Amino acid sequence: MLVILMGPPGAGKGTQAERIAREFDLLHVSTGDMLRSAVKDKTTLGEKAKAYMERGALVPDELVIAIIKERLADTDCAGGVLLDGFPRTVEQAEALEQVLDDLSLKIDAVINVDVAKDELLNRLTGRRVCRGCASTYHIKFNPPRVRNICDHCSGELYQRSDDTVDTVKERLDVYSKQTHPLIEYYQRKNIYHAVDGARSIEAVFEEIAAYLEKSKIKGN
Ligand code: AP5
Ligand code: MG
Ligand code: ZN
């Protein structure tokens, strides 16, 4: 199975991806997480991506397409993949189709989680992420059992450097201009499903899981 999870910054892609990947035994592939670890490790890719990410802009298509192409060819992707944060431009979506064609794979479902702008701002500025396993929390909406400590790996929680009010506003703008047009791109194919993300984490999860359960049956 290959599933794409779309949505604006803060919609809950990462939060849902963690749960969906576990439930459906898919590998969670997040370009945001891959890029953040490249920045942390100061790799060539990280050095190139850093400035774009810090100002809330998209990293150039050719860099992101190259890492996804390499990642999807890895053997651990054979069991099924959940893509989080990719594609984000029409150019990336077209490149993905080419990559999947070459691997004889196809997209089974595109899930778009949508949430209004004001709520996104609240979610992102209160988000905390685990340094160890990248699990996502929120100081109010989804707090860890112990303050600042990850429930899963006991890692320390931190605030992403792009989660400041100004950078979040820029990211939301970039989303409207560059990523929102992708909705129409996928709506034309009959694999698109929109989910109202302004509900509880559990309610959103239930809807996505039910939809994927159906697509899985259809696909078989
Ligand atoms: P990326 O890491 O992908 O960030 P993003 O798309 O901006 O999305 P977020 O991770 O911020 O939000 P999310 O939807 O995952 O929400 P989350 O589950 O954490 O990308 C970062 C940067 O990398 C980009 O700006 C760009 O520079 C670069 N990049 C990445 N991919 C790229 C690509 N393909 N092309 C070019 N550049 C790329 O939830 C948010 C908060 O809300 C959390 O605190 C969570 O606990 C809480 N929450 C979640 N669900 C709910 C709910 N239902 N109710 C209440 N609270 C909730
Ligand atoms: Mg995320
Ligand atoms: Zn952790």
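Residues numbered from 1 in each chain as written. Chains lettered and ligands numbered in written order. Predicted model: local features only at pLDDT ≥ 70, side-chain atom pairs only at ≥ 80, totals over all residues. Heavy atoms only, no water.

Caption draft 1: Seen up close, the coordination of the zinc ion (ligand 3). Those donors, C130 (SG), C133 (SG), C150 (SG) and C153 (SG), are the protein atoms that reach the zinc ion (ligand 3), and they lie 2.2 to 2.4 Å from it. Viewed at the metal, the four donor atoms of the zinc ion (ligand 3) are separated by angles of 93 to 117 degrees, and the geometry they form is tetrahedral. Read in sequence order, the donor residues coordinating the zinc ion (ligand 3) give the pattern C-x2-C-x16-C-x2-C. Residue C133 is found in the loop between β5 (127-130) and β6 (136-138), and its partner C150 is found in the loop between β6 and β7 (157-158); the two are separated by 17 residues along the sequence. Overall, C150 belongs to the buried group, its relative accessible area being 2%. (Donors = N, O, S within 2.8 Å, 3.2 Å for Na, K, Ca; no water. Tetrahedral: all angles 85-135°; square planar, octahedral: opposite > 155°, others 65-115°. Helix = DSSP H or I, 4+ residues; strand = E, 2+ residues; numbered from the N terminus. Buried < 20%, exposed > 50% of the residue type's maximum accessible area, 1.4 Å probe, protein only.)

Caption draft 2: View of helix α7 (residues 165-179). An ideal rise of 1.5 Å per residue puts 21 Å on 15 residues; α7 measures up with 20 Å between its terminal C-alpha atoms. Among the residues of α7, T167, V168, R171, L172, V174, Y175 and T179 are the ones counted as buried. Projected onto a plane normal to the axis of α7, the buried residues spread over an arc of 160 degrees and lie on a single side. Turned more than 90 degrees away from the buried face of α7, the exposed residues are D166 and K177. Residues of α7 that are buried in the fold lie against α3 (44-54), β4 (109-114), α6 (117-125), β5 and α8 (181-187). (Expected span 1.5 Å × (residues − 1). Arc of directions from axis to C-beta. Contact = heavy atoms within 4.5 Å.)

Caption draft 3: The arrangement of the sheet that holds β5 in detail. Taken in spatial order, the three strands of this open sheet run β6-β5-β7, and their pairing is antiparallel. Taken across any chain shown, the strands that pair with only one partner, and hence form the sheet edges, are β6 and β7. Examined bridge by bridge, β5 and β7 share two bridges and lie antiparallel to one another. Looking at β7, one finds that V129 is bridged to Y158. (Pairing = 2+ DSSP bridges.)

Caption draft 4: Up close: the sheet that holds β4. Spatial strand order, β2-β3-β1-β4-β8: five strands in an open sheet with parallel pairing. This sheet does not close on itself; its edge strands, each paired only once, are β2 (27-30) and β8 (192-196). With strand direction ignored, the average angle separating the axes of adjacent strands in the sheet is 20 degrees. Bridge count for strand β1 (residues 2-6) against strand β3 (residues 81-84) is four bridges, and the pairing is parallel. (Axes fitted to C-alpha atoms, helices over the stretch in contact; angles between N-to-C directions.)

Caption draft 5: A look at the site of ligand 1. Around ligand 1 lies a shell of 36 residues, among which T15, A57, R88, R127 and R171 are the nearest. Here A57 contributes a backbone N or O atom positioned 2.6 Å from an oxygen atom of ligand 1. Within the side chain of R123, an N or O atom sits 3.4 Å from a nitrogen atom of ligand 1. Protein chains shield 96% of the accessible area of ligand 1, which is 1,000 Å² for the free molecule. At the level of elements, α1 (13-24), α2 (31-40), α6 and β6 are the ones that each hand at least two residues to the shell around ligand 1. Here the shell around ligand 1 is built from residues that sort into 14 nonpolar, 13 polar and nine charged. (Near = heavy atom within 4 Å. Polar contact = N/O pair within 3.5 Å; in protein donor to acceptor, adjacent residues only side chain to side chain. Areas by Shrake-Rupley, 256 points an atom, 1.4 Å probe, with all protein chains shown as cover. Nonpolar A, V, L, I, M, F, W, Y, C, P; charged D, E, K, R; others polar.)

Caption draft 6: View of unusual backbone geometry. The peptide bond linking F86 to P87 adopts the cis configuration, its omega dihedral lying at -5 degrees. Relative to the helices and strands, P87 resides in the loop between β3 and α5 (90-102). Despite not being glycine, K42 shows a phi value in the positive range, around 55 degrees. Checked against the element boundaries, K42 lands in the loop between α2 and α3. Classification of K42 as exposed rests on a relative accessible area of 62%. For A134, which is not a glycine, the phi torsion comes out positive at approximately 65 degrees. Under the relative-accessibility criterion, A134 is labelled partly exposed at 30%.

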